[in-house]
Amino acid sequence: MNLIDIYPKELLCERLPVSQISFVEYGLSEIEKIVGLKENCMFELGGTIWDKYIQTNLDVDPMSLAIHFQTGNPYLYKEVSNFVGADVIKDILYIHTNTDDSSVDYKDFSELLIAVLHQNILHISDIEFSNPLEPMKPSERQSEFQVFRGLNLFGVLVDRCVTYCKEHNLDRICLTAAHISLVPFFEKYGFIVDDTPTGKHGMAHGSSIPMTRLV
């Protein structure tokens, strides 16, 4: 099983009343392109890698890479690799949809950035499975990030992540809840808020909350 097999492409096509759907994929060999397209996500991914590292290496000064956090360096993952002495991103996939369907204004209705990280971690970030033809009223939304009705595919994604982890000897699936309103949603799928300074800080401030599901 490869990272691309985690993405439920066939179910997405079945559930979307949209024609002419295409998929754009970038892998590890194209990580520079991923950085260019997803600078903020790659910075956050680097931050996650660093946070996981210092939680298990308590003799390391957490402020060692502070300048890269202060500048929002999207290549933070490279700085962590240099510090650790090993590549901290083992594999990565960024995939997003597009369509020439004239009835669709919101083209990027599905995307996924997923990576295999140092310390046997599978990390999910920047995930969306939306129906661009079904906008939701503000009163219907469960979080401020929900603009269109979803496709009920997150559970499928998590199940495939678990299968991938078991096949590749990974022991954790991690993600970051962008807002505290999303925490209950992720908890339904077995994720819990990290009992770490970063997790507690995220909960206190209501954003950037690291969550983990053990496999």
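Cut-offs and rules
- Residues numbered from 1 in each chain as written.
- Predicted model: local features only at pLDDT ≥ 70, side-chain atom pairs only at ≥ 80, totals over all residues.
- Heavy atoms only, no water.
- Helix = DSSP H or I, 4+ residues; strand = E, 2+ residues; numbered from the N terminus.
- Rg over C-alpha atoms; globule rule 2.2 N^0.38 Å.
- Buried < 20%, exposed > 50% of the residue type's maximum accessible area, 1.4 Å probe, protein only.
- Contact = heavy atoms within 4.5 Å.
- Expected span 1.5 Å × (residues − 1).
- Salt bridge = Lys/Arg side-chain N within 4 Å of Asp/Glu carboxyl O.
- Core = buried A, V, L, I, M, F, W, Y, C linked by side-chain atoms within 4.5 Å.
- Disulfide = S-S within 2.5 Å.
- Axes fitted to C-alpha atoms, helices over the stretch in contact; angles between N-to-C directions.
- Parallel < 35°, antiparallel > 145°, perpendicular 65-115°, else oblique.
- Nonpolar A, V, L, I, M, F, W, Y, C, P; charged D, E, K, R; others polar.
- Phe/Tyr/Trp six-rings, centres within 6.5 Å; stacked < 30°, edge-to-face > 60°.
- Lys NZ or Arg CZ within 6 Å of the ring centre and 35° of its normal.

1. A short note on the overall build of the protein chain
The helix and strand tally for the protein chain stands at eight helices and eight strands. Expected size for 215 residues packed as a compact globule is a radius of gyration near 17 Å; at 17 Å, the protein chain falls within 12% of this value. Based on the C-alpha atoms only, the size of the protein chain along its principal axes is roughly 55 × 40 × 35 Å. Across the 215 residues that make up the protein chain, the buried fraction comes to 47%. Partitioning the intrachain contacts of the protein chain with sequence separation of at least 6 by distance along the chain shows that 64% fall at a separation of at least 24.

2. Notes on helix α6 (residues 154-167)
Over its 14 residues, α6 extends 20 Å from the first C-alpha to the last, a length consistent with the 20 Å expected when each residue adds 1.5 Å. Listing the buried residues of α6 in full gives Phe-154, Gly-155, Leu-157, Val-158, Arg-160, Cys-161, Val-162, Tyr-164 and Cys-165. After α6 finishes, the residue Asn-169 shows a positive phi value of roughly 60°.

3. Focus on the pattern of salt bridges
For the coordinates displayed, the defined rule picks out eight salt bridges. With its nearest N and O atoms 3.4 Å apart, the salt bridge here joins Asp-171 to Arg-172. The exposure class assigned to Asp-171 is partly exposed, which follows from its relative accessible area of 34%. In the salt-bridge network here, residues are joined through shared partners; they are Lys-38, Glu-111 and Asp-126.

4. As for the nonpolar core
Generally speaking, a soluble globular protein has its nonpolar side chains buried in company with each other. Counting residues in hydrophobic clusters, the biggest one holds 37 residues, and the most contacted among them are Ile-114 and Leu-122. Of all the secondary structure elements, the ones that give two or more residues to this core are α1 (9-15), β2 (89-99), β3 (110-117), β4 (121-135), α6, β6 (172-179), α7 (183-187) and β8 (207-214). At seven residues, the largest contribution of residues to this core is made by α6. By size, the runner-up hydrophobic cluster in this structure holds 26 residues, among which are Tyr-26, Tyr-53, Ile-54 and Leu-65.

5. Regarding the state of the cysteines
If you walk through the whole model with that rule in mind, you get zero disulfides. With no disulfide of its own, Cys-165 has Cys-161 as its nearest cysteine by sulfur position, at a separation of 6.5 Å.

6. Section: unusual backbone geometry
Negative phi is the rule for most residues except glycine; trans is the rule for most peptide bonds. Phi angles above zero are rare outside glycine, and Gln-119 is one such case at about 75°. Summarising the element assignment, Gln-119 is placed in the loop between β3 and β4. Positive phi is not limited to glycine here, since Ser-208 has a value of about 50°. Considering the arrangement of structural elements, one finds Ser-208 in strand β8.

7. Quick look at the packing of helix α3 (residues 39-56) against helix α5 (residues 76-84)
Contact pair α3 / α5: the axes reach a minimum separation of 7 Å and the direction vectors enclose 25°. One finds that α3 runs roughly parallel with respect to α5. Here Met-42, Phe-43, Gly-46, Gly-47, Ile-49, Trp-50 and Tyr-53 of α3 come into contact with α5, specifically with Leu-76, Tyr-77, Val-80, Phe-83 and Val-84. Its residues assigned to classes, the contact of α3 with α5 shows 10 nonpolar, two polar and no charged.

8. Considerations on the packing of aromatic side chains
Taken as a whole and judged by the stated rule, the model has 15 aromatic pairs. Relative to Phe-83, the ring of Trp-50 lies with its centre 5.1 Å away and its plane at 90°, an arrangement referred to as edge-to-face. Placement of the pair is Trp-50 in helix α3 and Phe-83 in helix α5, with a sequence separation of 33 residues. Geometrically, the ring pair formed by Tyr-75 and Tyr-77 is tilted, given 6.3 Å between the ring centres and 35° between the ring planes. Using a relative accessible area of 6% as the deciding quantity, one classes Tyr-77 as buried. In textbook terms, an aromatic cluster arises when at least three aromatic residues are bridged by ring pairs, as seen for Phe-154, Phe-185, Phe-186, Tyr-189 and Phe-191. Sitting above the plane of the Phe-23 ring, Lys-9 keeps its charged end 4.9 Å from the centroid.

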